[in-house]
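A structural walkthrough
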Amino acid sequence: MTLPTVAFLGIGLMGKPMATRLAQAGYPLRVWNRTAAKAEALRDTGAEPHADLHDAVRGADIVISILEAGPIVGQVIDDALPALAHDTLWIDMSSTRQDEAVDFATRLRQAGGRFVDAPVSGGVGGAEAGQLAIMAGADAADYAQAEPVLRVMGSPKAVGPVGSGQVAKLCNQLIVGATINVVAEALLLAEAAGADPAAVREAIRGGFAGSRVLEVHGQRMLERNFMPGGQVKTQLKDQRNILAAASGAGVTLPVTELVTRQFESIAGDIPSADHAAGLIALERMNPGKRLGTAPDRMP
């Protein structure tokens, strides 16, 4: 079976391993990034780097984007439209607002294209292992075309019409952001109260408090390893998008409001740190209290 030609736009922390997996799976793959050198670095995987956006998307069956934020996705879509073939399927795997995803679908539909919003969770490690959770909003026929490509990068799940993928991602990030802050509180309390925080983490991992966040980010906090997987600035963007979605849906999310303030407090000076740096936001609220003695590892 001939695999569809894919244009992959955005070769960042997540995009690089995701595109690499597609190339390794045998997809005819074109790659583009605003910084052309990042796309060029994938040439050895079998991908075809393009410095020009139109050259990258022209004639592609599927376009995949994973970019910094909704306004950038919108700009790239607008710039690419003149070169898109009729009926091209655009899969946006960025984290945006629901209303932005719906607007992107409208723009593409008016130009003869189709759209799936398919944001991801799982971080760089999940991208490298092909184990991302992928939440897709799409028409059934469009999802059927997108699913085989998405499956190369992780485990896709259709969650409703266009825009629903972003809602699911926001629900995911709501839980992640809150849990990071709660894990930080638990470990700092253990240290301050005289217990061994590493032993406390081990003791509770198998109970109801066990979670992937406790597993991964709890260890990061103990090691004070804030080299980025997910970044503070990205988590804060997601937090603000969650609150925007909540406002649009007419619901109040008091815990999310508090978590957003915690990430806001560190976004000014350590925006590129891993979001496990929620621990640092907590320590700043508790002068003289610190988890462990290791130096901070920062980007």
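So, here is what we can say about the structure in this document. Quantities reported herein were computed from a predicted structural model and do not represent experimental measurements. Here the residue numbering is sequential within each chain, running from 1 through the sequence in written order. Totals for whole chains, interfaces and linings use every residue, but because this is a predicted model, local features are given only for residues with pLDDT of at least 70 and side-chain atom pairs only at 80 or more, for both listing and counting. Excluding hydrogens and water, the side-chain figures rest on all heavy atoms present in the structure.

Next up on the list: the overall build of the chain. Strands are runs of DSSP state E lasting at least two residues, helices are runs of H or I lasting at least four, and both sets are numbered from the N terminus onward. Helices and strands together make up the secondary structure of the chain, namely 13 helices and nine strands. Taking 2.2 N^0.38 as the reference for a compact globule, 299 residues should give roughly 19 Å; the C-alpha atoms of the chain span a radius of gyration of 20 Å, in line with that estimate. In terms of its C-alpha atoms, the chain occupies a principal-axis envelope of roughly 65 × 45 × 35 Å. Any residue under 20% of the maximum accessible area for its type is buried, any over 50% is exposed, and the rest in between are partly exposed; the area is computed with a 1.4 Å probe on protein chains only. When the 299 residues of the chain are sorted by exposure, 51% land in the buried category. We get accessible surface area from the Shrake-Rupley algorithm with a probe of 1.4 Å; when it comes to residues, only the shown protein chains can shield them. Summing over all exposed atoms, the chain offers an accessible surface of approximately 13,300 Å²; the carbon and sulfur share of this is 54%. With 27 positive and 32 negative side-chain charges, the chain shows a spacing of 3 Å between the two charge centroids. Taken over C-alpha atoms, the radius of gyration is set against a globule rule of 2.2 Å times the number of residues to the power 0.38. Positive charge is attributed to Lys and Arg, negative charge to Asp and Glu, and no charge count is given to His or to the chain ends. Where a charge lies is defined by one atom per residue type: Lys uses NZ, Arg uses CZ, Asp uses CG and Glu uses CD.

Helix H11 (residues 232–249) packs onto helix H8 (residues 164–192) with a crossing angle of 120° between their chain directions and a minimal axis gap of 9 Å. Overall, the two elements H8 and H11 adopt an arrangement that is oblique. Crossing of H8 against H11: the hand is left-handed. Of the residues in H11, those touching H8 at Lys 169, Leu 170, Gln 173, Leu 174, Val 176 and Gly 177 are Gln 235, Asp 238, Gln 239, Asn 241, Ile 242 and Ala 245. Every angle, taken between N-to-C directions, lies between 0 and 180 degrees, and every axis is a line fitted to C-alpha atoms, over only the stretch in contact when it is a helix. Put simply, angles under 35 degrees are roughly parallel, angles over 145 are roughly antiparallel, angles from 65 to 115 are roughly perpendicular, and the rest are oblique. Take the far helix as the reference: if the near one is turned anticlockwise from it by less than a right angle, the crossing is left-handed, and if turned clockwise, right-handed. The contact criterion used is simple: two residues touch if any of their non-hydrogen atoms lie within 4.5 Å.

Moving on to the pattern of salt bridges. Whenever Lys or Arg places a side-chain nitrogen within 4 Å of a carboxyl oxygen from Asp or Glu, that contact is recorded as a salt bridge. Going through the model one piece at a time under the given rule, you end up with 18 salt bridges. In this structure, Arg 205 engages Glu 215 in a salt bridge whose closest nitrogen and oxygen atoms are separated by 2.7 Å. With Arg 205 in the loop between helix H9 (197–204) and helix H10 (212–223) and Glu 215 in helix H10, this pair connects stretches of sequence that are ten residues apart. Overall, Arg 205 belongs to the partly exposed group, its relative accessible area being 30%. Among the ionic pairs, Asp 296 bridges to Arg 224, the shortest N-O distance being 2.5 Å. Placement of Asp 296 in the segment after helix H13 (278–285) and of Arg 224 in the loop between H10 and H11 is noted, with a sequence separation of 72 residues between them. Look at Arg 224 and you get buried, because its relative accessible area is 1%. Salt bridges linked by common partners bring Arg 201, Glu 202, Arg 205 and Glu 215 together as one network.

Turning our eyes to something else, we now look at the pairing of strand E5 (residues 89–92). Residues Leu 89 and Ile 91 point to one face of E5 and Trp 90 and Asp 92 to the other, with burial holding for every one of them. Taken together, the four bridges between strand E4 (residues 62–65) and E5 define a ladder with parallel strand orientation. Within E5, the position partnered with Ile 62 by the bridge is Leu 89. Following the chain from E4 across helix H4 (residues 70–80) to the adjacent parallel E5, one finds a crossover that is right-handed. Taken together, the four bridges between E5 and strand E6 (residues 114–117) define a ladder with parallel strand orientation. When the bridges of E6 are listed, Ile 91 appears paired with Val 116. Note that the unit made of E5, helix H5 (residues 98–110) and E6 has a crossover that is right-handed. Two strands are counted as paired when DSSP detects at least two bridges linking them. Crossover handedness is defined here as right-handed if the route from the first strand over the helix to the second strand goes clockwise, with the strands pointing away from the viewer.

Our next topic: the side chain of Gln 239. Position of Gln 239 relative to the elements: it lies in helix H11. Each residue touching Gln 239, except ones within four places of it in the same chain, is listed here: Gln 173, Gly 177, Thr 256, Val 259, Thr 260 and Phe 263.

Moving on: unusual backbone geometry. Look at Asp 87: it is not a glycine, yet its phi comes out positive at around 75°. Note on placement: Asp 87 falls in the loop between H4 and E5. Taking relative accessible area as the criterion, Asp 87 reaches 38% and is therefore assigned partly exposed. At Arg 224, a position not held by glycine, the phi torsion is positive, near 55°.

Attention now moves to the pairing of strand E1 (residues 6–9). Burial along E1 is two-sided: the residues Val 6 and Phe 8 and Ala 7 and Leu 9 are all buried. Where the polypeptide runs from E1 across helix H1 (residues 15–24) and back to strand E2 (residues 29–32), its parallel neighbour, the crossover connection is right-handed. Examined bridge by bridge, E1 and E4 share four bridges and lie parallel to one another. Across the sheet, Val 6 pairs through a bridge with Ile 62, a residue of E4.

This next bit is on the nonpolar core. Ranked by size, the top nonpolar core spans 35 residues in total, and within it Phe 8, Met 18, Leu 22, Ile 64, Ile 91, Met 93 and Met 153 carry the most contacts. Only E1, H1, E2, E4, E5, helix H6 (123–129), strand E8 (132–137) and helix H7 (140–153) provide two or more residues apiece to this core. When residues of this core are assigned to their parent elements, the largest contribution, six residues, is made by H7. In this view, Ile 91 contacts Ile 62, Val 63, Ile 64, Ser 65, Val 116, Ala 118, Ala 146 and Leu 150; residues no more than four positions away in its chain are not counted. Only buried Ala, Val, Leu, Ile, Met, Phe, Trp, Tyr and Cys residues count toward a nonpolar core, and they belong to the same one when joined by side-chain atoms within 4.5 Å. In terms of nonpolar packing, the next biggest core, distinct from the first, is built from 27 residues, Ala 184, Val 232, Ile 266 and Ala 281 among them.

Take it as geometry only, folks, not as evidence of what the structure does.
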